[in-house]
Amino acid sequence: MLRSYFLRIPHALNRVNKLYISTTVKKGSLLQNYLSAVGNIFNSITIHGPTVDEVTKDIDLSNKTCLITGANSGIGFEMAKCLSSRECSVLMACRNPYAANNAKNACENSHLLKLYELNLASLRSVKKCSDEILKDQPKIDIVILNAAVFGLPWTLTEDSLETTFQVNYLGQYVLLTNIEHILAPDARVVIVSSESHRHVSWDFNHQLTPTEAMVSLPKQEYTSIRAYNISKLCGIHFMHYLSYRWVNSGKSVFCAHPGSFVKTRLCRNWWPYELLYTSMIPFSKSISQAASTPIYCATSPELKGLTDVYFKDCRRCEVSDLAQDLHLSFRIYDLTKSLLRDRAVAAAEPVAVKQSVAFPDVDETTLVTNYSG
Ligand SMILES: NC(=O)c1ccc[n+]([C@@H]2O[C@H](COP(=O)([O-])OP(=O)(O)OC[C@H]3O[C@@H](n4cnc5c(N)ncnc54)[C@H](OP(=O)(O)O)[C@@H]3O)[C@@H](O)[C@H]2O)c1
């Protein structure tokens, strides 16, 4: 009797596949399809929050221009697709022109998308990309710093910095500061962050004097998770610094955690991560749900007048103690400036660096006092 039940399982799975999965899930391996189908059941009871389409419903984005880094894949692609479907012009800054072109053609309003080649692991490429954007675009309303890597073995970039740090933080810092003067007066910047920023632990002395080796990890101190966490913490401190810099300017800046274990290409660099993310499909957000928090920060009229806030599940959320320390924000800013100063030659004509130095060179203590007040 028990045996006959077991024998029926393959038939039952086959029926589910025919009747449900093949109609609800398009691509991927059979295992991924089953897991996505289970995820769809969770989604139908909305425990994972809204999708990008739900979040942008009724928001007019025509006449807006949005720059997205890493827009050819995963969450970045989902955001590019959604914004262009709402008549927003999207500038896709991507590493791989071929993949970017395929992503562009997969969007309904592909004429609204423009491609820029950007390799964040090269300051030279960041400069070239920002120069092209400055040449073409009179104004940018929204910037979404989304590109990231995770799970890489230790490598140095051509600028002699650890790759995860440079791609996830420093390269995007330079890109944004280079194009800062074409940001619209009410521009919004969204830094795609992660809850993993909470796992950085620096002792008090390190917090007082952050050094290059603390952010751009040397080989002997490197683990890919550690490097990723640090890069995301630096992103939150960048948000604090920008919000100080733009105080009373009308511009705003947010950090957004999209969701955990969202199955994208982020986990592709190491097979155990790929396995972990795949097995989490039923319990994690879909890509569209993951994109909803950054898109909410980028577009929602509800956030007018607000800045320097970290969002998770489209709601405000406290950051870790280390990420709240505004003194540390200014120290990391100083460190960033010195890392770039040392590498000005690597970035060819130092326009990029000159503009990043355009942050006011005021006494740090004055900044912090003003800001906290
Ligand atoms: N997935 C999650 O569970 C999760 C959780 C928390 C936070 N996040 C954050 O969400 C954001 C989007 O990630 P995702 O999950 O959508 O991952 P993804 O599909 O791997 O997308 C990452 C994007 O970054 C681009 N990129 C990587 N290295 C680059 C470089 N050197 N120069 C320029 N672009 C580069 C990738 O381009 P290529 O296609 O050329 O590699 C890709 O377009 C990231 O900031 C990530 O940290 C994701």
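What counts, and where the lines are drawn
Each chain carries its own residue numbering, running from 1 in the direction its sequence is written. Reporting of local features is limited, given that this is a predicted model, to residues whose pLDDT is at least 70; pairs of side-chain atoms are given and counted only at 80 or more, and all residues count toward the totals for whole chains, interfaces and linings. For the side-chain quantities, the full set of heavy atoms in the structure was used; hydrogens and water were omitted. Lines fitted to C-alpha atoms define the axes, with helix axes restricted to the stretch in contact, and inter-axis angles between N-to-C directions lie between 0 and 180 degrees. Helix numbers and strand numbers start at the N terminus; a helix is a DSSP run of H or I with at least 4 residues, a strand a run of E with at least 2. An angle below 35 degrees is treated as roughly parallel, one above 145 as roughly antiparallel, one from 65 to 115 as roughly perpendicular, and anything else as oblique. Contact criterion: two residues are considered in contact whenever any of their non-hydrogen atoms come within 4.5 Å of each other. Three residue categories are used. Nonpolar comprises Ala, Val, Leu, Ile, Met, Phe, Trp, Tyr, Cys and Pro, charged comprises Asp, Glu, Lys and Arg, and polar comprises the others, including Gly. We call a residue near a given molecule or strand whenever any one of its heavy atoms falls within 4 Å of it. The definition of a polar contact used here is a pair of N or O atoms within 3.5 Å, where within protein one atom must be able to donate a hydrogen and the other to accept one, and adjacent residues in sequence count solely through side-chain atom pairs. In these tables, accessible area is a Shrake-Rupley quantity obtained with a 1.4 Å probe, and a residue counts as shielded only by the protein chains included in the view. Counting rule for disulfides: a pair of cysteine sulfur atoms within 2.5 Å. Using a grid of 1 Å spacing that covers the protein atoms alone, one calls a set of points a cavity when a 1.4 Å probe fits there but cannot get out, and a pocket when the set is open and has protein on both sides within 12 Å along at least five of seven lines; lining residues are those with an atom within 4 Å of a point. Grid points are joined across faces, edges and corners, and a volume is the space filled by probe spheres set on the points. Working definition: rings of Phe, Tyr and Trp (its six-membered ring) pair if their centres are within 6.5 Å, and the pair is stacked with planes under 30 degrees apart, edge-to-face with planes over 60 apart, and tilted otherwise. The rule is simple: take the accessible area with a 1.4 Å probe, protein chains only, and divide by the maximum for that residue type; under 20% is buried, over 50% is exposed, in between is partly exposed. Criterion for a salt bridge: a side-chain nitrogen of Lys or Arg within 4 Å of a carboxyl oxygen of Asp or Glu. Buried Ala, Val, Leu, Ile, Met, Phe, Trp, Tyr and Cys residues that are joined via side-chain atoms within 4.5 Å together make up what is termed a nonpolar core. Per-residue confidence from the predictor is reported as pLDDT, a score between 0 and 100.

Draft legend 1. Region of interest: the packing of helix α10 (residues 224-245) against helix α14 (residues 326-342). Relative to each other, α10 and α14 sit at 95°, their axes nearing to 9 Å. The pairing of α10 with α14 is recorded here as roughly perpendicular in orientation. For the pair formed by α10 and α14, the contact residues are Cys234, His237, His240, Tyr241 and Tyr244 on the first element and Leu326, Leu328, Ser329, Phe330, Ile332 and Tyr333 on the second. Partitioned by chemical class, the residues of the contact of α10 with α14 number 8 nonpolar, 3 polar and no charged.

Draft legend 2. How the structure looks around the site of the ligand. The local shell around the ligand holds 30 residues, among which Ser73, Arg95, Asn146, Tyr228 and Thr264 are the closest. Contact between the ligand and phenylalanine 261: an oxygen atom at 3.3 Å from a main-chain N or O atom of the residue. Side-chain polar atom of arginine 268 to an oxygen atom of the ligand: 2.7 Å apart, as the coordinates give it. Within the complex, the protein chains bury 98% of what would otherwise be the 890 Å² of accessible surface of the ligand. Taken together, the elements giving at least two residues each to the shell around the ligand come down to α4 (74-85) and α10.

Draft legend 3. Looking closely at the state of the cysteines. A complete count under the given rule lists 0 disulfides for this structure. Here cysteine 82 stays free of any disulfide, with the sulfur of cysteine 88 as its closest cysteine sulfur at 9.2 Å.

Draft legend 4. Examining the layout of surface pockets more closely. Size it by volume and the second largest pocket reaches roughly 960 Å³. For the second largest pocket, the lining is made up of 45 residues, of which Ala148, Val149, Tyr228, Thr264 and Leu266 are closest to its centre. Taken together, the elements giving at least two residues each to the lining of the second largest pocket come down to α4, β2 (89-94), α10 and α11 (271-279). When residues in the lining of the second largest pocket are grouped by element, the largest group, 4 residues, is from α10. For the lining of the second largest pocket, the class distribution of residues is 22 nonpolar, 18 polar and 5 charged.

Draft legend 5. Fine view of the packing of aromatic side chains. The tally for this structure, following the rule as stated, stands at 14 aromatic pairs. For the pair tyrosine 173 and phenylalanine 238, a centre-to-centre distance of 4.8 Å together with 40° between the ring planes defines the contact as tilted. Placement of the pair is tyrosine 173 in helix α7 (residues 163-179) and phenylalanine 238 in helix α10, with a sequence separation of 65 residues. Both residues of the pair, tyrosine 173 and phenylalanine 238, belong to the buried class. Aromatic pair phenylalanine 261 and tyrosine 277: ring centres 5.4 Å apart, planes at 70°, arrangement edge-to-face. One end of the pair, phenylalanine 261, is in the loop between β6 (252-257) and α11; the other, tyrosine 277, is in helix α11, with 16 residues separating them in the sequence. Given the relative accessible area of 10%, tyrosine 277 is considered buried. Site record: aromatic cluster; members linked through ring pairs are Phe150, Tyr228, Trp270 and Tyr273.

Draft legend 6. A look at the pattern of salt bridges. Within this structure, the stated rule accounts for 11 salt bridges. Across the pair lysine 127 and aspartate 131 runs a salt bridge whose closest N-O atoms are separated by 2.5 Å. One end of the pair is lysine 127 and the other is aspartate 131, both in helix α6 (residues 123-136) and 4 residues apart, which spans about a single turn. For aspartate 141, the salt bridge identified is with lysine 139, shortest N-O distance 2.8 Å.

Draft legend 7. Molecular detail of the nonpolar core. With 63 residues, the main nonpolar core has Leu67, Ile140, Val143, Leu176 and Trp202 as its most contacted residues. For this core, the element with the highest residue contribution is α10, accounting for 10 residues. Residues in contact with valine 143, not counting those within four places in the same chain, are Leu67, Leu176, Ile179, Leu183, Arg188, Val189 and Val190. One finds Leu61, Met79, Cys82 and Cys297 within the second-largest nonpolar core, a separate group that totals 38 residues.

Draft legend 8. Local environment of the confidence of the model for the protein. This prediction gives the protein a mean pLDDT of 86; 80% of its residues lie at or above 70. Under a pLDDT of 50 for its full length, residues 1-26 has, in the predicted model, 18 contacts with residues more than four places off or in other chains. With pLDDT under 50 throughout, residues 348-373 is counted as low confidence; its partners more than four residues away or in other chains account for 45 contacts.

Draft legend 9. Representation of unusual backbone geometry in the model. The phi torsion at serine 160 lies on the positive side, around 60°, for a residue other than glycine. For serine 160, the location among the structural elements is in the loop between β4 (140-145) and α7. Not every positive phi belongs to a glycine, and phenylalanine 261 is a case in point at roughly 55°.

Draft legend 10. Broad picture of empty space enclosed by the protein. The tally for this structure, following the rule as stated, stands at 1 cavity of 30 Å³ or more. Roughly 70 Å³ of volume is contained in the largest cavity. Lining the largest cavity are Leu145, Ala147, Asn168, Tyr169, Gln172, Tyr173, Ile191, Val192, Lys232, Gly235 and Phe238. Counting only elements with at least two residues in the lining of the largest cavity, the list comes to α7, β5 (183-192) and α10. Of all the elements, α7 adds the most residues to the lining of the largest cavity, at 4 residues.

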